[in-house]
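# Examination of the molecular architecture
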Amino acid sequence: MLITLIIVITGLFSSYTASGALGEEQFLSEEYLFLNLFTSAGGGLPSFLFFISFFGPLLGIILGFDAINGERTRGTLSLILSQPVYRDVIINGKFLASIATVAIMIASIMVMIAGISIAKLGVVPNGQEVMRALLFFVACVLYVAFWTSLAILFSIVFEKSSTSALMSIALWIFLAFFVYMIAGVIADEVYPITQQSDPELLAKHESLRTMLLRFSPAVLLEEISIALLNPTVRVFGPMFESQLKGLILTPLSLGQSVLVIWPQFVALIAASIVCFAVSYLAFMRKEIRSV
Amino acid sequence: MNVVVEAQDLVRDYNGFRAVNGVSFSVAQGEIFGLLGPNGAGKTTTILMLLGMTEPTSGVVRICGYDPTKEPLKVKRITGYLPENVGFYEDLTAKENLLYLAKLNGIKEDVALKKIDEVLATVGLLDVRDKLVGTYSKGMRQRLGLASVLIKDPKLVILDEPTTGIDPEGTEQVLDLIRRMSREMGVSILLSSHLLYQVQQVCDRVGIMFKGKMVAQGSIEDIGRQVLGEREGVMKLTYSFINEEALKKLDGIEGITEKRIANNTIIVKFDETRKLDIVREVVMRGFLPIEVKGKEYSLEEIYIRYFREG
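Computed from a prediction, not measured in an experiment: that's the story for all the values here.

Our next topic: the overall build of chain A. A tally of helices and strands in chain A yields 12 helices and 0 strands. If you list the helices and strands of chain A from N to C, you get α-α-α-α-α-α-α-α-α-α-α-α. Residue burial in chain A is summarised as follows: out of 291 residues, 47% are buried. Taking contacts inside chain A between residues at least 6 apart in sequence as the whole, the part at least 24 apart equals 79%.

For the rest of this paragraph, the subject is helix H1 (residues 43-51) of chain B. The element H1(B) is largely enclosed, with a buried count of 9 among its 9 residues. Among the residues trailing H1(B), B:Gly52 stands out with phi positive, at a value near 75°.

Residues and elements named next belong to chain A. Together, Ile169, Leu171, Ile173, Phe174, Phe177, Phe178, Met181, Ile182, Ile186 and Val190 line one region of the surface with nonpolar side chains, adding up to about 780 Å² of accessible area. Inspection of the secondary structure puts Ile173 in helix H8 (residues 161-190). Taking relative accessible area as the criterion, Ile173 reaches 31% and is therefore assigned partly exposed.

Let us now look at the side chain of A:Ser149. Following the sequence through the fold, A:Ser149 ends up in helix H7 (residues 127-157). Once residues lying within four places of it in the same chain are set aside, the contact partners of A:Ser149 are A:Phe95, A:Ser272, A:Cys275, A:Phe276 and A:Ser279.

A few words on the packing of aromatic side chains. If you walk through the whole model with that rule in mind, you get 13 aromatic pairs over all chains. Aromatic side chains A:Trp262 and A:Phe265 sit 6.3 Å apart centroid to centroid with 40° between the ring planes, which places their arrangement in the tilted category. Here A:Phe265 and A:Trp262 lie together in helix H12 (residues 254-285), a separation of 3 residues that amounts to about one turn. Take A:Trp262: its relative accessible area is 48%, and that puts it in the partly exposed class. Taken together, the ring pairs in this structure connect A:Phe50, A:Phe54, A:Phe55, A:Trp172 and A:Phe177 into an aromatic cluster. Residue placement shows A:Arg87 over the ring face of A:Phe283; its charged tip is 5.8 Å from the ring centre. Across the ring face of B:Tyr14, the terminal group of B:Arg12 is positioned such that the distance to the ring centre comes to 4.5 Å.

By the definition in use, this model includes 24 salt bridges over all chains. Here A:Glu71 makes a salt bridge to A:Lys94, at a shortest N to O gap of 2.9 Å. Remark: A:Lys94 occurs in helix H6 (residues 87-121) and A:Glu71 occurs in helix H4 (residues 69-74); sequence separation between them is 23 residues. With a relative accessible area of 9%, A:Glu71 lands in the buried category. When its relative accessible area of 23% is taken as the criterion, A:Lys94 is described as partly exposed. A salt bridge links B:Glu161 to B:Lys43; its shortest N-O distance comes to 3.8 Å. Separated by 118 residues along the polypeptide, B:Glu161 in the loop between strand E6 (156-160) and helix H6 (168-185) and B:Lys43 in helix H1 bring together distant segments of the chain. Of the residues examined, B:Lys43 reaches a relative accessible area of 5% and is grouped as buried. The structure contains a network of salt bridges with shared partners spanning A:Arg72, A:Glu159 and A:Lys286.

Here the focus is the packing of H7(A) against H12(A). Residue and element names in this part refer to chain A. Where H7 contacts H12, the axes come no closer than 9 Å and their chain directions differ by 20°. The angle between H7 and H12 falls in the class roughly parallel. The way H7 lies across H12 gives a crossing that is left-handed. The residue inventory of the contact of H7 with H12, partitioned by class, reads 22 nonpolar, 5 polar and 1 charged.

It is worth spelling out the confidence of the model for chain B at this point. Residues and elements named next belong to chain B. Taken residue by residue, chain B gives an average pLDDT of 86. The fraction at 70 or more is 95%. Per-residue pLDDT, averaged within each element of chain B, yields its smallest value for helix H11 (residues 299-309) (68) and its largest for helix H3 (residues 94-104) (94). Here the predicted complex scores 0.79 on pTM and 0.76 on ipTM.

Moving on: helix H4 (residues 109-123) of chain B. Residues and elements named next belong to chain B. If you check H4, its first and last C-alpha atoms are 21 Å apart, about what 15 residues at 1.5 Å a residue would give, namely 21 Å. Among the residues making up H4, those that are buried are Ala112, Lys115, Ile116, Val119, Leu120 and Val123. Buried positions in H4, seen along its axis, are confined to an arc of 135° and lie on one side of it. For H4, the exposed residues lying more than 90 degrees away from the buried face are Asp110 and Lys114. Among the structural elements, H3, helix H5 (138-150) and H6 are those in contact with the buried residues of H4.

The next thing to look at is the pairing of strand E11 (residues 256-262) of chain B. Of the pairings in the sheet, the one linking E11(B) to strand E12 (residues 265-271) of chain B comprises 6 bridges and is antiparallel in character. If you follow B:Ala262 over to E12(B), its bridge partner there is B:Thr265.

Another point: the interface of chain B and chain A. Of the residues lining the interface, 25 residues belong to chain B; the matching set on chain A comes to 19 residues. Summing the contributions of chain B and of chain A, the shared interface buries around 2000 Å²; its carbon and sulfur component is 58%. Among the residues chain B hides against chain A, the three largest losses belong to B:Met53, B:Leu73 and B:Tyr89. Together they make up 28% of the total. Inspection of the chain B/chain A interface yields 0 salt bridges. Looking at side-chain class alone, the side of chain B that touches chain A contains 12 nonpolar, 8 polar and 5 charged residues.

Counting residues in each nonpolar core, the largest one holds 92 residues, and the members touching the most others are B:Phe25, B:Leu50, B:Leu144, B:Ile189 and B:Leu191. In this view, B:Leu144 contacts B:Phe88, B:Ala94, B:Leu98, B:Leu120, B:Leu125, B:Val133 and B:Tyr136; residues no more than four positions away in its chain are not counted. Of all hydrophobic cores here, the second largest spans 51 residues; its members include A:Ile61, A:Val102, A:Leu142 and A:Tyr143.

Residues and elements named next belong to chain B. Taken in spatial order, the 4 strands of this open sheet run E11-E12-E10-E13, and their pairing is antiparallel. One side of each edge strand has no neighbouring strand; the edge strands of this open sheet are E11 and strand E13 (288-293). For this sheet the average axis-to-axis angle between neighbouring strands, irrespective of direction, equals 20°.

Let's shift gears to the layout of surface pockets. Considering only enclosed or pocket space, the largest pocket measures out at about 510 Å³ in volume. Taken together, 18 residues form the lining of the largest pocket, with A:Arg87, A:Met284, B:Gly52, B:Met53 and B:Glu55 sitting closest to its centre. Secondary-structure elements contributing two or more residues to the lining of the largest pocket are H12 of chain A together with strand E1 (3-14) and helix H2 (72-78) of chain B. Residues of the lining of the largest pocket, tallied by class, amount to 8 nonpolar, 3 polar and 7 charged. Looking at the second largest pocket, its volume works out to about 350 Å³.

What counts, and at which threshold
Residues numbered from 1 in each chain as written. Chains lettered and ligands numbered in written order. Predicted model: local features only at pLDDT ≥ 70, side-chain atom pairs only at ≥ 80, totals over all residues. Heavy atoms only, no water. Helix = DSSP H or I, 4+ residues; strand = E, 2+ residues; numbered from the N terminus. Buried < 20%, exposed > 50% of the residue type's maximum accessible area, 1.4 Å probe, protein only. Contact = heavy atoms within 4.5 Å. Patch = residues over 30% accessible without salt bridge, like charges linked within 9 Å, V, L, I, M, F, W, Y side chains within 5 Å. Areas by Shrake-Rupley, 256 points an atom, 1.4 Å probe, with all protein chains shown as cover. Salt bridge = Lys/Arg side-chain N within 4 Å of Asp/Glu carboxyl O. Phe/Tyr/Trp six-rings, centres within 6.5 Å; stacked < 30°, edge-to-face > 60°. Lys NZ or Arg CZ within 6 Å of the ring centre and 35° of its normal. Axes fitted to C-alpha atoms, helices over the stretch in contact; angles between N-to-C directions. Parallel < 35°, antiparallel > 145°, perpendicular 65-115°, else oblique. Left-handed = near helix turned anticlockwise from the far one by under 90°. Nonpolar A, V, L, I, M, F, W, Y, C, P; charged D, E, K, R; others polar. pLDDT = per-residue confidence, 0-100. Expected span 1.5 Å × (residues − 1). Arc of directions from axis to C-beta. Pairing = 2+ DSSP bridges. Buried area = accessible area lost by both parts, 1.4 Å probe. Core = buried A, V, L, I, M, F, W, Y, C linked by side-chain atoms within 4.5 Å. 1 Å grid on protein atoms, 1.4 Å probe; cavity = no way out; pocket = protein on both sides within 12 Å on 5 of 7 lines; lining within 4 Å. Points joined across faces, edges and corners; volume = space filled by probe spheres on them.

Structure follows, in structure tokens:
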């Protein structure tokens, strides 16, 4: 798979250069050096996180877009359905197989990045860092799993693989790029702001915008990774002075960080489950004829 | 006779359109039943209902006593279904494809491997079993399809358009296999087709479907008699002088229904069942038959007759 290769190579390369950059400049100042490997970029190459959030959907779509309608056009779907197996076995198998592929792939890339960095920097992650990295891994898998589920859903609903592929990609482009513009426009319409607007209105504007942005799984993944990989983050969006009062800027514990991004996690899981449930229903009720 | 398939008053609606309208038939053990009709007559829908892959709007189906809607797995275990345009995994060999299907049927690997060689030998693909299916011709694929239904030792085999799109030699092989499955293995076969001539060769009984209804059912003879009336043969005769005198010489032969002169020959229509006697008598009286056509009922005629009337 070409995409996997791209992600592996760029992921490795960026972690390599990132570790180089870290080694020179921030070695002493960073508390969670290991986690930074996944988010920091170096030498003009984007970070691993960027690659996952950008290419992950593409990977998920490639794995799922012709899951059902591809078998249908090849005539193998009616072959399998005429064997004594329940239909849900087929659809469950499709989901499990693609999620397992995604998980194995992301895990191996992350382990490679970690390995190279440990060898190069000599920094051994502590228990908490490993836990955070694991949760980040789960989030990445969930993120790609959502796109796979969506692609499988489209592959059930649409008769042609080309249609389902195009639909998935269109939705991906919308959620990855256009959602920023649209969120901005809607927020501007609802809470028009000028340079003289009072902070309350600015805050409302900003929170509506982030709310809308969170419809995009990419934004959810971004927020999750920020909170997980950067233990000092405790809140998203605008902060008020009252919130900052008496704040001691120490890193949060793992539990606290998870608490911060719990809603985002749940949203990602829910999105995948909804896609799966709809696909399941659609597939069970579909009449399969040869074409 | 054991009844393997029993369908009663099957009805299937699609958004207000009645695709199958009150179809009833039964198939006995070891019998080949042909489901005929033009495209869109409801043949495939009927088949899907027999397999429990589509739920009938109303009506009852029993396959060896099982209800396919409620116990689809039991029905599929004893029924081999070869869909129209069946596909196999092209990047696997024939053997691997069959092994996969055998596993889906819960057959153990060592038993399956033996069975696979056996069925591949039956369909004549044993020597190409380790080639990728992607390299197979359409006729070979269809025979592989027949192998795939045989692997589970079926009681009933349902074939949807089994000969569509393959060359005459391939068709002959497929038809021969179908015949052998029924005669040697005692499998009941239900096949659907719009290719009448082929069905006529292998089917014990046929049912003709048109616009969702089963318009006629029985052996091809029975249907022919129902639709086209009594059989009539035609012969062309020559005689030394062809004139009204000669025509009179044919008087008194029993079974001749019509005689006339056309294009310098005598054309005689007669009762098909007495063909031999009539021909002998005609020759005795000095006529020379140049063409004797006993008329068989061809499905084509039956078909056309039906569909012209609508």
